[in-house]
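# Notes for the structure review
If you want the building blocks of each chain, they are given just below.
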Amino acid sequence: MIRRYLYTLLCLLALLGLYWLTLLPLLAVRTNLESRHFALALLVWGVIAGVLFIPALAVIIKKVWFFKGKGEPVVLDMLLSMLNHVNELDAPVMVRKHNRKIVCTWRHREPHWCERLEASGMKRFYELWIRFDNTTKTATLSDRYRAVNWDLSPISVKTGRFSFSRPLFKVELGDAWGIENYEDTEPQEYDFTPGEIKLPVMNTILQNGWNVRFSLF
């Protein structure tokens, strides 16, 4: 995993180096420009660089944070059945379908878990969005967060209408990290961190032969 962090850092440094190269021509003609013209050109460069940074970062994450599945991939319906089995367990995680993706998140509508989620001091509601490419047998994972309001908990919990992306790179791989861990974990043993959703789901996907790719969007 350290290697992926290093690759990500090197790619970011290379991106900043590319930005610097595009800025050099502007700096070279600085003495020939009026101050206001140079400031305007610098502003335009900054806006363009800022707009392009997010797509460039998305490409870096997509390329570097790719994990190869183990063994022969199972059919998609079987994989979805395994993930949906979480809904039958006494666990704080639920899986639901939303449009062309599935969303793994907390069971905030069940009073038993809602009280524990609130007691954990959770300020942002985590969701793991998963899209499946059946052609390449690749699951694309996106980490999303929403605002959450506990004022009416456990009767009602309000989550924000809009979500924002913040990739979770701290993951552990291995056969011991699948969703079967939900069957043996007691309610008081959960810390209600995003990793308690992402790690079991991600490792289950990998263990069943599907590739995993992180995505910013």
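The rules behind each value
- Here the residue numbers are simple positions, counted from 1 along each chain's written sequence.
- Local features in this predicted model are restricted to residues whose pLDDT is 70 or higher, and side-chain atom pairs enter the listing and the counts only when it is 80 or higher, whereas totals over whole chains, interfaces and linings include all residues.
- Working from all heavy atoms in the structure, the side-chain values ignore hydrogens and water.
- DSSP calls a pair of strands paired once it identifies at least 2 bridges connecting them.
- The helix count covers DSSP runs of H or I at least four residues long, the strand count covers runs of E at least two residues long, and both are numbered beginning at the N terminus.
- Residue burial is assigned from relative accessible area. The probe radius is 1.4 Å, only protein chains are included, and a residue is buried under 20% of its type maximum, exposed over 50%, and partly exposed in between.
- The arc in question is the one traced by the directions running from the helix axis out to the C-beta atoms.
- Contacts between residues were defined by any pair of non-hydrogen atoms, one from each residue, lying within 4.5 Å.
- Cavities and pockets are defined on a 1 Å grid built over the protein atoms alone: a cavity is a set of grid points where a 1.4 Å probe fits but cannot escape, while a pocket is an open set with protein on both sides within 12 Å along at least five of seven lines, and lining residues are those with an atom within 4 Å of any such point.
- Grid points are joined across faces, edges and corners, and a volume is the space filled by probe spheres set on the points.
- Put simply, two rings from Phe, Tyr or Trp (the six-membered ring, in Trp's case) pair if the centres are within 6.5 Å, and we call them stacked under 30 degrees between planes, edge-to-face over 60, tilted for the rest.
- We call a charge positioned above a ring when the Lys NZ or Arg CZ atom is no farther than 6 Å from the ring centre and deviates by at most 35 degrees from the ring normal.

## Quick notes on the pairing of strand 2 (residues 93-98)
- Two strands pair when backbone bridges link them, and strand 2 and strand 3 (residues 101-106) are joined in this way by six bridges, in the antiparallel orientation. Looking at the pairing, Val95 lines up with Cys104 of strand 3.
- Where strand 2 folds back onto strand 3 in an antiparallel hairpin, the turn is made up of two residues, including Asn99, whose phi is positive at roughly 55°.

## Describing helix 4 (residues 111-119)
- Turning to helix 4, its buried residues are Trp113, Cys114 and Leu117. For helix 4, the angular spread of buried residues about the axis comes to 105°, placing them on one side.
- Those residues of helix 4 that are buried are in contact with strand 3.
- Just downstream of helix 4 lies Gly121, where phi reads positive at about 80°.

## Overview of the layout of surface pockets
- In this structure, the largest pocket spans a volume of roughly 190 Å³.
- Together, Trp177, Asn181, Tyr182, Thr185, Glu189, Tyr190, Thr193, Gly195, Glu196, Leu199 and Pro200 line the largest pocket.
- Of all the secondary-structure elements, those providing two or more residues to the lining of the largest pocket are helix 5 (181-184) and helix 6 (195-207).
- In this model, the second largest pocket occupies a volume close to 160 Å³.
- Along its surface, the second largest pocket is lined by Ala58, Lys62, Asp133, Thr136, Thr138, Thr140, Arg213, Phe214, Ser215, Leu216 and Phe217.
- Sorting the residues of the lining of the second largest pocket by element identifies helix 2 (35-64), strand 5 (138-149) and strand 8 (211-215) as the ones contributing at least two each.
- With three residues, strand 8 is the largest single contributor of residues to the lining of the second largest pocket.

## A short note on the pairing of strand 8
- Among the five residues in strand 8, four count as buried, and that is most of the element.
- Relative to strand 8, strand 1 (residues 66-67) runs antiparallel, the two sharing two bridges. Along strand 8, the bridge assignment pairs Phe66 with Arg213.
- Across five bridges, strand 5 lies against strand 8 in parallel orientation.

## Considering the packing of aromatic side chains
- Tallied over the full model, the rule gives 13 aromatic pairs.
- Arranged with centres 5.8 Å apart and planes meeting at 5°, the rings of Trp65 and Phe214 form a pair that is stacked. Within this pair, whereas Trp65 is found in the loop between helix 2 and strand 1, its partner Phe214 is found in strand 8, the two being separated by 149 residues in sequence. Pair check on accessibility: Trp65 and Phe214 agree, each one buried.
- Considering the side-chain rings of Trp106 and Phe192, the 5.6 Å spacing of their centres and the 65° angle between planes classify their relative orientation as edge-to-face. Of the two residues, Trp106 sits in strand 3 while Phe192 sits in the loop between helix 5 and helix 6, which places them 86 residues apart along the sequence. Each member of the pair, Trp106 as well as Phe192, is classed as buried.
- Here the aromatic cluster, defined as three or more aromatic residues joined through ring pairs, consists of Tyr5, Trp65, Phe67, Phe169 and Phe214.
- The ring of Trp129 is capped by Lys101, whose NZ or CZ atom sits 4.5 Å from the centre of that ring.
- A cation over a ring is seen here: Lys198 above Phe214, with NZ or CZ 3.6 Å from the ring centre.

## Section: the environment of Gly178
- With respect to the element layout, Gly178 can be found in the loop between strand 7 (164-165) and helix 5.
- Taking the relative accessible area as the measure of exposure, Gly178 reaches 0% and is therefore buried.
- Remark: the alpha-carbon pair of Gly178 and Lys198, spanning 20 residues in sequence, is separated by 9.8 Å.
- Among all residues touching Gly178, those that are not within four sequence positions of it are Pro200, Asn203, Thr204 and Gln207.

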